[in-house]
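# Residue-level structural notes
The primary structure of each chain is shown beneath.
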Amino acid sequence: MSDGLINLTIDGAPVSVPPGTLVIEAAKQAGVLVPHYCYHPGLPVAGVCRMCLVEIEKAPKLQIACATTVTEGMVVKTQAPAAKDARQSVLEFLLINHPLDCPICDQAGECELQDFVFQEGQPGTRYGEFAKRFNPVEDFGPDVLYVPNRCILCTRCVRFMEDVAKEPVLNVSERGDRAFIGIHPEARLDHPWAGNVVDLCPVGSLLSKDFLHKARAWELDKTASVCTGCSQGCNITLDTRDEVVVRVRPRPNLDINRYFICDHGRMHYRWMNRGDRIEAPLVRKDGALHATDWDEAFARVLAILRGASGKAVALVSPGASSEALAAAKRLLSGFTWTGAFQVVMGEEAPLAGVPNLALRAERAPNAKGAEQLGYTRDYAQALAAAKSAAVVLVLDEPDCPVETDGALIYAGTVLGEDAACRRADVVLPIANVAEEEGTFTNRDGRDQRYYQAKPAPGMAQPAAWVLGQLAQAMGLAEVQ
Amino acid sequence: MGYPHKSHPKETVVLSQYFGDADARTFKGWTKRGGYEALAQALKMDPVAVTDVVKESGLRGRGGAGFPTGLKWSFMPKEKKKPHYLCVNADESEPGTFKDREIMRWTPHALLEGTAIAAHAIRAEVAYIYIRGEFTEPWTIMERALAEANAADVFGAIRIHLHRGAGAYICGEETALMNSIEGKRGNPRIKPPFPAAAGLFGLPTTINNVETLAAVPHILKRGAAWYKGLCLSNPKSTGTKLFSVCGHVQRPGNYEVTMGFPLKDLLYDMCGGPPPGRTLKACIPGGSSVPILTREETEACLLDYEGVVASGSMLGSGGVIVFDDSADMVYQIMRLARFYAHESCAQCTQCREGTAWTTKIMERILAGQGKPKDLDLLLDLSENMTGKTICVLSDSCAAPIVSGIKKFRGEFEAYLAGKKQSVMVS
Amino acid sequence: MTVQEDYQPVFSGKVLEELQTVLQRYPTKQAALLPTLWLAQREHGWISDRIMAEVAEVLGLTPAYVKGVVTFYTMYHQHPVGKNFVQVCTTSPCNICGAEDVLKALLAQSGAGDAGATSPDGKWTIMEVECLGACGFPTPILVNEDFLENVTAEKVPDIVRKYR
């Protein structure tokens, strides 16, 4: 143990971990997943499901891997016959009151009960014709439904609300096989981070109303992304089905959001599927905007830029990628440049049990990135400057109340009937966050990459590409 | 004994000397009988010295586990860095056991004195006596006694509080007891951490049973050697034990005998055996959570920790439940399974689901709808419920099932063959 | 939290004073929960959701937490019970000594009919409970806070008469 690590053997494989590591975590190093339900690295240990029982040499009884700390020379066997029998019996016990709901249960396909039963359960039950316990479905709050019949009482949800959200609004009620997850009638599950209980639930007991019966788990494509709801920069997975974003879930990142996202971010995805998109580049001819191709649109923009001098103003969204923001600045580097953004603000909602994690007041993912590139928050001043600017570039701000005597170039995803940007000389359709790859910088200065989950509609392209192509055509050097 | 009958000549009367003597319940009455002298003596001793005396005496926990008491006290931290706690387990709920109730309602000061001595030995500033909610009479008596003792200021700096339970057998498990005092659901805790390291409110704690602590003043006063000498055959089991005999005996009650006493003599001599015309069929010697003994095993059994193990069961709490030939073993085992199903805290999968499933199968058998595979199923479920959970309630449900099927298989098979029909209530 | 305008807090006046004494016995307010619930039940007869919310407020806990504790312990009533709340032990040691006959007699003579139900005159609720810790004095029953030993079916009429 010269390097301070503890050496042990798990299923024959040597493992070295820091002192204090739980056997269930050490097992991951050996590539062994010890089946479990109640254990979760983001929650305090409960040790109640009894699924992770493993054989440890010299221990008289099977031990739960989630509550056993490694010791030097420990020999762990997860596949010992006694351990497998114990796990199989736990599965049998869990299934006696669990309804055969798989065909109608949202969790099917991503259900840990299904997974472990399939992996090592029995093919049939011996429970026979005894009636299963029945309780009606309960509405816990804004987004969460509780199906008591499917609950395996792992208590992850209770522990999350009590120890991570620090608002014990869920309890275990009653005793014995009458127990269920309860709530007091005077309180709803409306905590800003409550939606995490749905992710935490290993089975289809706690369900998201938003996702209810929307899609099957195996129909979903999963893409790594970053939440655009605020400046925290939580890592998320976008679940798409047939190129429509249907669900947002957290991706673990121990430095930023651990295993959780807030409900605001969780529900903040419908806009990614908007149908009223700009699908082709538009150029102004004879006083009206006409659809055209990229070649003509580029030619028009270049003509504008080459034929203008003096002031240029860029009014940008703090949700644009850093690449797009950088390209926009580069494109206008031949002018006296002003760049600004404004951020919608909201109420901060911390997750009390995790340091430095909150739904942030700044409701945009890349304000920091914009700042780092030289954009300011003096939006009013920039709007005023735009009036007399030679060229104004509006990036992804569909409601921007811009007025200018100069040329107006709008690069965006949507454009309302009465939008000020309808007066643009050129409209360039761009991809939204789900349709491109890019970088956001969160409030702590962390650069994070997000990836493309679905194709952009029509001829829309990532803003970074659009503006980059233009800058290249202008012969403008890359910003270092 | 002493209540409701006079002590039997074969009893060794120590704890039960004043059972039935209402005057002994008062502070004055107790001090007149030599009470609180041991405490005064102990308070002058070094805590470690007090622990040594108890260690030497061989006193073992009388709640059911039989763990050496002095050794348990010595697990408390040697260096006093934080507050220490003593919890007194007066949650007596093990079917067949009713001795702590008698100690509290006849000799409340004995318990208070033992509590204070123990608190001193483990350097606990505060002691909680956890009394089950149903013990209304012991509660009132303990309250009064505590008030009197406090008024007489006998406890020094030690503060003793009574805490009332609210109907949960599982709170007799030491970690569940601590959770209950903390204002939580009575869920047992995973160990480690052990109570002596992190117990009540996360602080070093010792939990002792009522009968264990009631013996402590006697040990302090009369010496460890005296207590160690109270032993019939096995030097590892010393002292006296109150055996709560109930069920099919003519004179049920608490009998105090020296460790190693023959169970046969207890049942036939002292209790008068089963009612006239009936014969002893089965006996559970240590509260319902231990294996059932046949008549032959019962009559050969010596009542000490190792002796009962040798006979195939455990001393446990010493709650002796006697079944004569009129008892329907299958029905009674069902009733015990139902008890455990009702009391399961719901944490562990095997216990939560297994106790209820076991009960359902037993009810089915009793209703005449048992299947041939039911006995094997019960045995397999019992094995799955043993040795795999946070606490032993699950194992306790399995014990009567396994021993019942093994030793009274004929009665089960009679039901399966349709030769018997029971009338079940609820 | 919805406010019931006609709700009379349980913890006021003398009861609140009593609560202060209870709080002194424990290092945390949470630890005072069980005795506080006993106080509430003594005053109100049973513990409603609204009272759970009041207890939560008084002790700095959440109503859901308090409810989780209340539903764990069988002696806290979550709905009104008859004037005489009777608990009859029917676990095996008493079972083999006639406990079920005692239960049947009580159900019949009190008019309660079924275990757990309240009699039409509101005077009786009879519950079948687990071991009461008096197995040598079969069958023990609790009538409210009165612990009666050695109850037999024959003695039931007198008991019912006495408490009615």
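Residues numbered from 1 in each chain as written. Chains lettered and ligands numbered in written order. Predicted model: local features only at pLDDT ≥ 70, side-chain atom pairs only at ≥ 80, totals over all residues. Heavy atoms only, no water.

### Description of the interface of chain A and chain C
- With 13 residues of chain A at the interface, the matching set in chain C holds 17 residues.
- Three residues, R175, H184 and E186 of chain A, lead the burial of chain A against chain C; their summed loss comes to 50% of the area buried on that side.
- Where chain A touches chain C, the interface holds zero salt bridges.
- At the surface where chain A touches chain C, the tally comes to five residue pairs in polar contact (both at pLDDT 80 or more). (Contact = heavy atoms within 4.5 Å. Buried area = accessible area lost by both parts, 1.4 Å probe. Salt bridge = Lys/Arg side-chain N within 4 Å of Asp/Glu carboxyl O. Polar contact = N/O pair within 3.5 Å; in protein donor to acceptor, adjacent residues only side chain to side chain.)

### Observations regarding unusual backbone geometry
- A cis geometry characterises the amide bond from P192 of chain B onward to P193 of chain B, with omega recorded as 10°.
- By the secondary structure assignment, P193 of chain B is in the loop between α8 (174-181) and β4 (205-209).
- T139 of chain C follows P138 of chain C through a cis peptide bond whose omega is -10°.
- Position of T139 of chain C among the secondary structure elements: in the loop between β2 (124-129) and β3 (141-143). (Helix = DSSP H or I, 4+ residues; strand = E, 2+ residues; numbered from the N terminus.)

### Looking at the pattern of salt bridges
- In this structure the tally under the stated criterion is 69 salt bridges over all chains.
- Residues R360 of chain A and E348 of chain A are paired through a salt bridge, measuring 3.5 Å at the closest nitrogen-oxygen approach. With R360 of chain A in the loop between β19 (358-359) and α9 (367-372) and E348 of chain A in the loop between β17 (336-341) and β18 (349-350), this residue pair connects regions lying twelve residues apart in the sequence.
- Relative accessible area serves as the criterion here: at 7%, R360 of chain A is assigned to the buried category.
- Close ionic contact of K80 of chain B with E125 of chain B constitutes a salt bridge, the shortest N to O distance being 2.6 Å. Within this pair, whereas K80 of chain B is found in the loop between α4 (69-74) and β1 (85-90), its partner E125 of chain B is found in the loop between α6 (108-121) and β2 (126-131), the two being separated by 45 residues in sequence.
- Taking the relative accessible area as the measure of exposure, K80 of chain B reaches 34% and is therefore partly exposed.
- When its relative accessible area of 32% is taken as the criterion, E125 of chain B is described as partly exposed. (Buried < 20%, exposed > 50% of the residue type's maximum accessible area, 1.4 Å probe, protein only.)

### Some thoughts on the pairing of strand β22 (residues 426-429) of chain A
Residues and elements named next belong to chain A.
- With burial as the criterion, each face of β22 is covered, one bearing V426 and L428 and the other bearing V427 and P429.
- Where strand β14 (residues 282-285) meets β22, two bridges bridge the pair, whose relative direction is antiparallel. Residue pairing across strands places L282 opposite V427, the latter belonging to β22.
- Pairing of strand β21 (residues 407-412) with β22, which is carried by four bridges, proceeds in the parallel orientation. Across the sheet, G412 pairs through a bridge with P429, a residue of β22. (Pairing = 2+ DSSP bridges.)

### As for the state of the cysteines
Residue and element names in this part refer to chain B.
- Across all of its chains, the model carries zero disulfides over all chains by this definition.
- Residue C345 stays outside any disulfide, its sulfur separated by 6.3 Å from that of C391, the closest cysteine.
- Take C345: its relative accessible area is 10%, and that puts it in the buried class. (Disulfide = S-S within 2.5 Å.)

### Side note on the packing of helix α2 (residues 81-96) of chain A against helix α3 (residues 112-120) of chain A
All names here are of chain A.
- It is at 10 Å that the axes of α2 and α3 come closest, and there the two elements cross at 130°. Compared by their axis directions, α2 and α3 come out oblique. In terms of crossing hand, the pair formed by α2 and α3 is left-handed. Only L113, F116, V117 and E120 of α3 make contact with α2, whose side of the interface consists of R87, Q88, L91, L94 and L95.
- A class-by-class count of the residues in the contact of α2 with α3 yields six nonpolar, one polar and two charged. (Axes fitted to C-alpha atoms, helices over the stretch in contact; angles between N-to-C directions. Parallel < 35°, antiparallel > 145°, perpendicular 65-115°, else oblique. Left-handed = near helix turned anticlockwise from the far one by under 90°. Nonpolar A, V, L, I, M, F, W, Y, C, P; charged D, E, K, R; others polar.)

### Re the domain arrangement of chain A
Residue and element names in this part refer to chain A.
- Each domain of chain A was delimited in the assignment, giving domain 1 (6-91), domain 2 (101-110 + 128-219) and domain 3 (282-473).
- Just the C-alpha atoms count here: the centres of domain 1 and domain 2 sit 27 Å apart.
- Contact residues are listed per partner, giving eleven residues for domain 1 and eleven residues for domain 2.
- Counting each side, the surface lost to burial between domain 1 and domain 2 is near 770 Å², with a carbon and sulfur contribution of 68%.
- The largest share of the area that domain 1 buries against domain 2 comes from Y37, L43 and P44, three residues that together contribute 59% of it.
- For the pair domain 1 and domain 2, the number of links is zero salt bridges.
- The interface formed by domain 1 and domain 2 contains four residue pairs in polar contact (both at pLDDT 80 or more).
- In terms of residue class, the side of domain 1 that touches domain 2 is made up of eight nonpolar, three polar and no charged. (Domains from an automatic or database assignment.)

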